[in-house]
Amino acid sequence: MSTALITGASSGLGRALALRLAKDGFTIVGVARHPEPLQALVAEIVTSGGKAHAIPADVGDRESATRIAGEAHALVGHVDVLVHCASTLGDTPLRLVADTEPDVFDEVLQVNLAGPFRLTKALLGPMILRGRGAVVFVSSDAAVEGYPTWGAYGASKAGLDQLARVWATELAGTGVRVVSLDPGDMDTPMHAAAIPDADPATLARPEDVAARVAELLQELPPTVRMKVSS
Amino acid sequence: MKAAAGPIHSRLLLVDPDSGAMRLGTLDEALTAGDVVVVNDAATLPASLRGATAAGDPIELRLATPPEIGWAIVMGAGDWRTDTDHRPAPPILAVGDTLRFATLDARVVAVSAQSSRLVQVRFDREGAPLWHALYAIGEPIRYRYLDRAWPLERFQNVYAGRPWAAEMPSAGRALDHRTILALRKKGVGVHTLTHAAGLSATGEAALDRLLPLPERYEVPETTFRALSHARRVVAVGTSVVRAVESAARGPLSGVTSLRIGPDTELLAVDGILTNLHGPGQSHFELLESFADHAFLTEAWETADRLGLQEHEFGDEMLVLPGALARMRPVERTAA
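Reading the values: rules and limits
- Residues numbered from 1 in each chain as written.
- Chains lettered and ligands numbered in written order.
- Predicted model: local features only at pLDDT ≥ 70, side-chain atom pairs only at ≥ 80, totals over all residues.
- Helix = DSSP H or I, 4+ residues; strand = E, 2+ residues; numbered from the N terminus.
- Rg over C-alpha atoms; globule rule 2.2 N^0.38 Å.
- Buried ≥ 20, exposed ≤ 12 C-beta atoms within 10 Å, placed from the backbone.
- Contact = placed C-beta atoms within 7 Å.
- Pairing = 2+ DSSP bridges.
- Axes fitted to C-alpha atoms, helices over the stretch in contact; angles between N-to-C directions.
- Core = buried A, V, L, I, M, F, W, Y, C linked by C-beta atoms within 7 Å.

Q: I tried to follow the overall build of chain B on my own but got confused; where do I start?
A: Summing up its helical and strand segments, chain B has eight helices and 17 strands in all. Against the 2.2 N^0.38 benchmark of 20 Å for 335 residues, chain B shows a C-alpha radius of gyration of 20 Å, consistent with a compact globule. Dimensions of chain B, computed from C-alpha atoms along their principal axes, come out at roughly 65 × 40 × 35 Å. Relative to its full complement of 335 residues, chain B shows a buried share of 48%. When contacts within chain B are restricted to residue pairs at least 6 apart in sequence, those whose partners lie at least 24 apart make up 72%.

Put into structure tokens, the structure is as follows:
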């Protein structure tokens, strides 16, 4: 029995991926800040014959990683796949980096970079001793391009990419893979908050991207950073 | 010996009962290909719950087992800063009594015949909501010699999985990722089991003498196979000795009442990596299954002379026959 812990599971790519992996037979542990949409996801998975658990938590909270790891291990025994979908843009509408308040910048780094570091650290040890596991950071093209107003977000995602590179090197040969995936522009609530006037017809559907991510997880290519085309 | 007041970067005393040699060193140099290290992967529970009885008497409930089993010790007012032996006595509880915690209630469903402090409780919820509430309001069981209320994450080993341990299986602190990867690279196996390590103190002398209480354990078949092919087996902590020796005498999973002491013949474990606990402590008696009292006392005195620190967050020693068989220069390691 394989298990997947997905943060940001209540909307967008996280939700689509939870539904997809549940359909593929994974037991899902969904993590998100808001309990109601998270419970709705769990109910949807259970109703269609899958297995899922909810852990309401904020990955940006410095003390949440130990709690999430403890609750997840108590509920499902072990975690095979960890996907970090939880992410914040900071203030929207997005602002020039020099107009970004330091506390907003800090919050973006906590949720998008330090939080994934802490949760990965809390779940990695058992993966190494079992000799298998996959950690997926969800990145963005804002990590490599200098898009105006995407400063805090882009810096956090660039940090994630680099964290994945170092971790992948350190864990070579352990059976545990760490990768960062750039899912491209998707029709999600977060994308709408960032770019309200985008034409949804030009955006990928999160369900299609989730299907592609699920395929990739079956056999991850050797690269650390990869783009997902649906 | 001074107790470590917080998690230190631990030093290691290598102790070889065969040659009688002992000196500071590293796990890496003491072990060779074919050796197997076994760890207890139980995560430390947020086992301490502050609350009150229905009558309003303050209590601290310390889970001795995972919450769905619910055996626990009741303590009176106060907290970890006071020696458990000097805490005010708790109110006497009876079956049916309700205990209230911040966002969680429990009912007493059994009181031990051995002590009225040892009770079994049933919480008002189960599964994910119970775990969520426990992690929201529970604290790790802390020790009075700590200098601050270290958070739960500092009571976890790097490989911590299911939250089964009432107190930290603290010998595992010596195994950081660097050490685990280095051991594996040289052909030393690192395998897991899960053992619900219980409480180390109850606040009542008669009950303390019954410790450890029966504890749940689970040895995976892959680990047991690795043990049977191992050159030497090193248990990381006393809970691993108890679980492995129980599995060697009975089923791979179950509840064990095995007590290990000077007269125990070890069937499966050759050595132990352990925190420092001095002569007179129950922990020391367990070590006497590995080496005799006089030799262990000498090791203790050597550790003291070298300035090592005792207890859960402190330094460690490896008691293993042949640990210093091939005398090599001490490897220098980064501070």
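Q: Would you take a moment to explain the sheet that holds strand β6 (residues 58–63) of chain B for this structure?
A: Think of a sheet as strands paired side by side through backbone hydrogen bonds, with each pair either parallel or antiparallel. All names here are of chain B. Sheet architecture is closed into a barrel: six strands sit in the order β5-β6-β7-β10-β9-β8, paired in antiparallel fashion. Each adjacent strand pair in this sheet contributes to an overall mean axis angle of 45 degrees, direction not counted. Bridging between strand β5 (residues 48–53) and β6 involves five bridges; their strand directions are antiparallel. Paired with Ala52 across the strands is Pro58, a residue of β6.

Q: Please explain the nonpolar core as it appears in this structure.
A: The nonpolar side chains of soluble globular proteins are, as a tendency, buried together. Val244 and Leu318 of chain B are the most contacted members of the largest nonpolar core, which has 166 residues in total. With 10 residues, the single largest contributor to this core is helix α4 (residues 102–130) of chain A. Excluding its chain neighbours within four sequence positions, the residues that come into contact with Leu318 of chain B are Leu12, Leu14, Val15, Leu27, Ala30, Gly271, Leu273 and Ala323 of chain B.

So yeah, pure geometry; function would need other evidence.
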